[in-house]
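Report on the structure
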Amino acid sequence: MTAYRDFYRQSIDAPDEFWGREAGRIHWQQPFQRVLAYDNPPFRQWFVGGETNLCYNAVDRHLAERADQPALIHVSSETGSERSYSYRELHAEVARFAAILQAQGVQKGDRVLIYMPMIPEAVFAMLATVRLGAIHSVVFGGFASASLATRIEDAAPKVLITADAGLRGGKVIAYKPLVDEALALAGAAAPARVIVVNRGVAEAPMMKPGRDLDYATLCRHHENDRAEVQWVESNHPSYILYTSGTTGKPKGIQRDTGGYAVALASTMEYIYGGKPGETFFCSSDIGWVVGHSYIVYAPLINGMATLVYEGLPIHPDPGIWWQLVEKYRVTVMFSAPTALRVLKKQDPAYLRRYDLSTLRALFLAGEPLDEPTASWISSELKVPVLDNYWQTETGWPMLTVCNGVEPQPTKLGSPGLPVYGYNVKLLDDATGEEVAPGEKGVIAVIPPLPPGCMSTVWGQDERFISTYFSLFSDRLVYSSFDWGVRDDDGYFTILGRTDDVINVAGHRLGTREIEEAVSGHSAIAEVAVVGVHDALKGRCRRRLPW
Ligand code: AMP
């Protein structure tokens, strides 16, 4: 493990050298003057003065070498549609969409809110926005109008992009009426323009004259228009992504541009092992951070084809994902433990029916990966199954095993070691001291946060500090709000949220440990543990009566 240890140490001890080298992975229109500026802790800036553009790095840059290679493969098991876009076609779609946005007055720094199902236009919209140096805010398509309204109020977008409907398990969810409700609730913050992609799966949406514009009509109108790339300084915001947390108004996690592109590009080599020309399949949704980073930006920045999937993992049958892996020769797959637990309940014959020999690894993130699920899927796929621990705030993994630096063992139930760039510590929440192996502590990062992590809370710098850096009064430490424990080899295990502890008669129990014990039973596929009030013990665990 010395190779990884040395690599990691350099990232922490000599960040200028380390990240200065990594920055060469992306295109800079203007070189940066400083790798890191940390004059105003905990705020920091990466690649100061450098000019770049996320869309250029994800799309235009590949035209010289891979214009005819697939860039975006869209499959909807809901509508039965399947379509592949080459880099040349993706470029044309994105540059035209950017011209459409420009014609609606969108400029550098303006916000564009995207409330879309998993259709190609959602990805075009994201890339078109950053092409102009505008800032996207993607809101998960399943959110209700009230949640959408609070995000509109906070981001005050100039344009909102939506569709007639999304589909889930054959059920049509009309989006446009939800958008109309949200706009009414948002009042003055409502955008002047709403662009509607009419897929024709719901009743024709009501279009408000003067405000609502039909995307297909705009495409005809701007058929030959292409917007140029707007170069932005590395620390210019690329997007806002809201995270609800457990209390208060949703926080707009603000991401930079250059640092994010560099960090994502590096992960493709060091963590995921994806190569240009191959297909990456991330089954998340573009509404989540995993979707932003690993459906859209990282695979494209790396010249891969990204597989964008609309539908359930068990529809039209539980073999659908494996069928896609075979058909599109997927080499790297990224999903969530819940999806795998759903698949674990199905007949294994569906998985064994397909040739999965192209697949080199499966990555899982977003929630604890329980041992039974991890062992089941790794024995079925016969490829490494790697757990990634990270957060909307970080944008890319914080704990995992970086096999691209040095192959290392995995341990069931543990995401692994601190990822390069993250000075991760396990701290006692009362004393602030580092805890010993085997003892529980808060997972914290000593700032500066590495490139690509959140820059601030949108419009609320004070909240960035008071939320994330106020664990201790005498120093600035980033709190993940997760409990963890470390073994003698430095491998971490996540024990659950610090605000999600069940206190039974003074014993603080993590939800994760209890969930894992229950899910160890072979008849159980999914489990969630919640505390129930108990007059005597404070909280108790009680079996619910169903
Ligand atoms: P989000 O910001 O919505 O992506 O949620 C991030 C939170 O999900 C983390 O703070 C953890 O509580 C949890 N989480 C993410 N990845 C993992 C993982 N690999 N193992 C355990 N918990 C995880």
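In this text, all values refer to a predicted model and were calculated from it rather than measured experimentally.

When cut into domains, the protein chain gives domain 1 (2–311 + 388–456) and domain 2 (501–546). The gap between the C-alpha centroids of domain 1 and domain 2 is 35 Å.

Inspection of the secondary structure puts Thr392 in the loop between strand 20 (385–388) and strand 21 (399–400). Taking relative accessible area as the criterion, Thr392 reaches 18% and is therefore assigned buried. Dropping the residues within four chain positions of it, Thr392 is found in contact with Leu241, Thr243, Ile253, Arg255 and Val289.

Scanning the model with the defined rule gives 43 aromatic pairs in all. Each ring, one from Phe18 and one from Tyr420, has its centre 5.8 Å from the other, and the planes form 40°; the classification is tilted. Remark: Tyr420 occurs in the loop between strand 22 (417–418) and strand 23 (424–427) and Phe18 occurs in helix 2 (residues 15–22); sequence separation between them is 402 residues. According to the relative accessible area criterion, Phe18 is buried, its value standing at 0%. Measuring from ring centre to ring centre gives 5.3 Å for Tyr85 and Phe124, while their planes differ by 85°; the resulting arrangement is edge-to-face. Remark: Phe124 occurs in helix 6 (residues 120–131) and Tyr85 occurs in strand 5 (residues 82–86); sequence separation between them is 39 residues. For Tyr85, a relative accessible area of 6% corresponds to the buried category. With relative accessibility at 1%, the residue Phe124 sits in the buried group.

A few words on the pairing of strand 2 (residues 43–48). Along strand 2, five of the six residues are buried, which leaves the element largely enclosed by surrounding structure. Relative to strand 2, strand 1 (residues 34–40) runs antiparallel, the two being bridged by four bridges. Residue Ala37 lies in a different strand from strand 2, and its bridge partner there is Gln45.

With that settled, consider the site of the ligand. Taken together, Gly366, Glu367, Pro368, Asp387, Asn388, Tyr389, Trp390, Gln391, Thr392, Asp482, Ile494 and Arg497 make up the full set of residues near the ligand. Contact distances for the ligand include 3.1 Å between a nitrogen atom and a backbone N or O atom of Gly366. Arg497 has a polar side-chain atom sitting 2.9 Å from an oxygen atom of the ligand. For the ligand, whose accessible area on its own is 500 Å², the fraction buried by protein is 80%. Counting residues per element, the ones that place at least two in the shell around the ligand are strand 20 and strand 27 (492–497). Class assignment of the residues belonging to the shell around the ligand gives a composition of four nonpolar, four polar and four charged.

Reading guide: rules and limits
- Residues numbered from 1 in each chain as written.
- Predicted model: local features only at pLDDT ≥ 70, side-chain atom pairs only at ≥ 80, totals over all residues.
- Heavy atoms only, no water.
- Domains from an automatic or database assignment.
- Helix = DSSP H or I, 4+ residues; strand = E, 2+ residues; numbered from the N terminus.
- Buried < 20%, exposed > 50% of the residue type's maximum accessible area, 1.4 Å probe, protein only.
- Contact = heavy atoms within 4.5 Å.
- Phe/Tyr/Trp six-rings, centres within 6.5 Å; stacked < 30°, edge-to-face > 60°.
- Pairing = 2+ DSSP bridges.
- Near = heavy atom within 4 Å.
- Polar contact = N/O pair within 3.5 Å; in protein donor to acceptor, adjacent residues only side chain to side chain.
- Areas by Shrake-Rupley, 256 points an atom, 1.4 Å probe, with all protein chains shown as cover.
- Nonpolar A, V, L, I, M, F, W, Y, C, P; charged D, E, K, R; others polar.

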